[in-house]
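Here's the letter readout for the chains.
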Amino acid sequence: MSDNNFKSLEDTLNKYIPPEELREVKRVLYGRSDDNALKFSEETTSLAKDVDVELKGYCFTARKEDLRRPRIVRVAAIQNTVDIPTTAPIHVQRDALHEKIANILRVAVTAGVNIVCLQEAWTMPFAFCTREKFPWCEFAEDVESGPTTKMLKELAKQYNMVIISPILERDANHHDTIWNTAVVISNNGTVIGKHRKNHIPRVGDFNESTYYFEGDTGHPVFETQFGRIAINICYGRHHPQNWMMFGVNGAEIVFNPSATVGGLSEPLWGIEARNAAIANSFFTVAINRVGTEVFPNEFTSGNGLPAHKDFGPFYGSSYVAAPDGSRTPGLSREKDGLLVVEMDLNLCRQIKDFWGFQMTQRLPLYAESLAQAIKPDYKPQTIKEI
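Residues numbered from 1 in each chain as written. Predicted model: local features only at pLDDT ≥ 70, side-chain atom pairs only at ≥ 80, totals over all residues. Heavy atoms only, no water.

- An unreviewed UniProt entry annotates the protein as Beta-ureidopropionase of Anopheles atroparvus.
- Under the heading Pathway (unreviewed entry), UniProt records this for the protein: "Amino-acid biosynthesis; beta-alanine biosynthesis."
- Per UniProt, the protein carries the Sequence similarities (unreviewed entry) text "Belongs to the carbon-nitrogen hydrolase superfamily. BUP family." (UniProt positions renumbered as here; feature names shortened; annotations may be inferred.)

A word on helix H6 (residues 240–248)
And step 1. Those residues of H6 lying buried are Asn242, Trp243 and Phe246. Looking straight down H6, one finds its buried side chains confined to an arc of 100 degrees; they lie on one side.
And step 2. Tucked inside the fold, the buried residues of H6 contact strand S6 (191–196), strand S8 (227–231), strand S9 (253–258), helix H7 (262–280) and strand S10 (283–288).
And step 3. Within two residues after H6, Gly250 carries a phi angle of roughly 100 degrees, on the positive side. (Buried < 20%, exposed > 50% of the residue type's maximum accessible area, 1.4 Å probe, protein only. Helix = DSSP H or I, 4+ residues; strand = E, 2+ residues; numbered from the N terminus. Arc of directions from axis to C-beta. Contact = heavy atoms within 4.5 Å.)

Focus: the sheet that holds strand S5 (residues 177–185)
Consider a sheet: its strands pair through backbone hydrogen bonds, and that pairing is either parallel or antiparallel.
And step 1. Taken in spatial order, the seven strands line up as S1-S16-S2-S3-S4-S5-S6 in an open sheet, and their pairing is mixed. Edge positions in the sheet fall to strand S1 (54–60) and S6, since each has one partner strand and no second. Sheet twist, expressed as the mean angle between neighbouring strand axes with direction ignored, is 25 degrees.
And step 2. Pairing geometry for strand S3 (residues 115–117) and strand S4 (residues 162–171), over three bridges, is parallel. Along S4, the bridge assignment pairs Val116 with Ile163. (Pairing = 2+ DSSP bridges. Axes fitted to C-alpha atoms, helices over the stretch in contact; angles between N-to-C directions.)

Thoughts on the packing of helix H1 (residues 9–16) against helix H2 (residues 19–30)
And step 1. In the contact formed by H1 and H2, the axes pass within 10 Å of each other and the chain directions differ by 150 degrees. Regarding the angle of H1 to H2, the classification is roughly antiparallel. Here the hand of the crossing between H1 and H2 comes out right-handed. Across from Leu9, Glu10, Leu13 and Asn14 in H1, the residues of H2 making contact are Leu22, Val25, Lys26, Leu29 and Tyr30.
And step 2. Grouping the amino acids of the contact of H1 with H2 by side-chain chemistry returns six nonpolar, one polar and two charged. (Parallel < 35°, antiparallel > 145°, perpendicular 65-115°, else oblique. Left-handed = near helix turned anticlockwise from the far one by under 90°. Nonpolar A, V, L, I, M, F, W, Y, C, P; charged D, E, K, R; others polar.)

Details of the sheet that holds strand S7 (residues 222–224)
And step 1. The sheet built from five strands is open, its strands ordered S7-S8-S9-S10-S15 with mixed pairing. With one partner strand each, in any of the chains shown, S7 and strand S15 (319–321) form the two edges of the open sheet. In this sheet, adjacent strand axes meet at a mean angle of 25 degrees when their direction is disregarded.
And step 2. Where S8 lies against S9, three bridges are found, and the strand directions are parallel. When the bridges of S9 are listed, Ile231 appears paired with Phe255.
And step 3. Those strands touched by H6 are S8, S9 and S10, and its axis lies near 145 degrees from that of S9.

Structural data, given as structure tokens:
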């Protein structure tokens, strides 16, 4: 179990390491010695304080080019707790989260954000641990006509902001099937499209396959006014091929809205999205919820642990990684947070030119090998010593 006094890795580094030494530590840990912090207006900082949200901002630059102008975009990640008890009526829980996110989006627009992504299944507690169908399936809603999309379409148009809204989807056209889905809403207030979660966990209390299966939308990249974006939902971050295919399809920014707990994945958290940014020459935005959500009934997950009513604390720590391998500090492990990052998308091509990872990728080699590996009669290419 984690120490409740451990607020964030950054707080600990700043507290115990002298400033000059800290610069070298950050160079090794984060890929750059300076955080390149963004400065916000007094209006933005004051509003963040009123809304009670931690506000952090950083900047990634690129080389100045002769033939291309900078492609500057401000991207934001929102992490948040679920404050209303899980015993409250469904509409009360959802409405409270709608109000909370609407308030944080007010801060985001004053900070000049162009694209924002919310956390996985943001309109509800992460109840999939319970394996109970009721009342949790009531949170599922239509991608186009559901109350969440309706609200965010208005805000996206009003704020001239692309909003990525991960929800529990109800597919009325296909027998009311449920999916874990990210809805992409354009800054003109229309739904551009959706992506369904490709990889579903079956580990610990993550009993999600009780509710939905693997997605059927492939690896779509959405070309917005501000850049080409994709969404790798939660558990998909553990699969390098998932990240890779978004890159193959031309993504410049890949968001990873998640819900994961410290006892399970925290040592992996700062590595996976950053590795993906390096390997695929795009920006990654890793987002995790915060807080402990307690459910009415005890549950077990076949892992030998005593029956319990909560998932354990979600540890937040949302961050952004750049294609050059550098990354921002993370948000708090326990507070609602808004992370704003200004980035020059020209860096994606510049890093491709520098490292040549895509040029040396050899996709045909692996396509041929994998085509053989999925056959029932496949035999691994293992050479044994005689």
